[in-house]
Amino acid sequence: MSQDRARARLAQYVVSYVFDIPLDELVAATRRSPRIAFARQVAMYLAHVAFQLSLARVAIAFGRDRSTAAHACHRIEDCRDDARLDACLDDLEAFLRSAPCPDMPQPQELVL
């Protein structure tokens, strides 16, 4: 579960940066503005697709329920008809997939 939360947090950081939304707004318990809600849905979608987390695991990692995570993923999938958004999501998915696993040893832990 801690890996799921770490992966969700990474998706949130990336989306916060790319969408230029303060992280505290993105992770807030309430919906906020439509722009922030959309960015949160993108983060959930990326956690589901890039890290292959089940919708239930995405929901837990984001502090939401499964139906919210499912709605987020369906909404973003429907928006992929927009070429610019689709290209952006492809890039973000590739970036997140290339990130090291949260349980990888830190440089100071490596034995050479």
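Everything discussed here concerns the structure shown above.
Overview of the structure. Fair warning: this is a prediction, and the values are worked out from it, not measured in the lab.

**Let's talk about the environment of A47**
- Here A47 lies in helix 3 (residues 34–50).
- Counting along the chain gives 17 residues from A47 to R64, while the straight-line C-alpha distance between them is 13 Å.

**Things to note about the packing of helix 1 (residues 2–19) against helix 4 (residues 55–62)**
- Where helix 1 contacts helix 4, the two axes come as close as 9 Å, and the packing angle between them is 75 degrees. Taken together, the axes of helix 1 and helix 4 lie roughly perpendicular to each other. Counted together, D4, R5, A8 and Q12 of helix 1 and R57, I60, A61 and F62 of helix 4 form the full contact between these two elements.
- The class makeup of the residues in the contact of helix 1 with helix 4 is four nonpolar, one polar and three charged.

**So, the side chain of E93**
- In this structure, E93 sits in helix 6 (residues 83–97).
- By relative accessible area, which is 7% here, E93 ends up buried.
- Residue contacts for E93: discarding those within four places in its chain leaves Y45, L46, V49, A50 and R80.

**Observations regarding the pattern of salt bridges**
- Per the stated rule, a full pass over the model turns up six salt bridges.
- As a salt-bridge pair, R80 and E93 come within 2.6 Å of each other at their nearest N and O atoms. Of this pair, R80 sits in the loop between helix 5 (66–79) and helix 6 while E93 sits in helix 6; the two residues are 13 residues apart in sequence, bridging distant segments of the chain. A single burial state applies to R80 and to E93, both of which are buried.
- A salt bridge links E93 to R97, with the nearest nitrogen and oxygen atoms 3.7 Å apart. Here the residue E93 and the residue R97 both occupy positions in helix 6, the gap between them amounting to four residues, near one helical turn.
- One continuous salt-bridge network, built from bridges that share partners, spans R80, D86, D90, E93 and R97.

Rules of the game
- Residues numbered from 1 in each chain as written.
- Predicted model: local features only at pLDDT ≥ 70, side-chain atom pairs only at ≥ 80, totals over all residues.
- Heavy atoms only, no water.
- Helix = DSSP H or I, 4+ residues; strand = E, 2+ residues; numbered from the N terminus.
- Axes fitted to C-alpha atoms, helices over the stretch in contact; angles between N-to-C directions.
- Parallel < 35°, antiparallel > 145°, perpendicular 65-115°, else oblique.
- Contact = heavy atoms within 4.5 Å.
- Nonpolar A, V, L, I, M, F, W, Y, C, P; charged D, E, K, R; others polar.
- Buried < 20%, exposed > 50% of the residue type's maximum accessible area, 1.4 Å probe, protein only.
- Salt bridge = Lys/Arg side-chain N within 4 Å of Asp/Glu carboxyl O.

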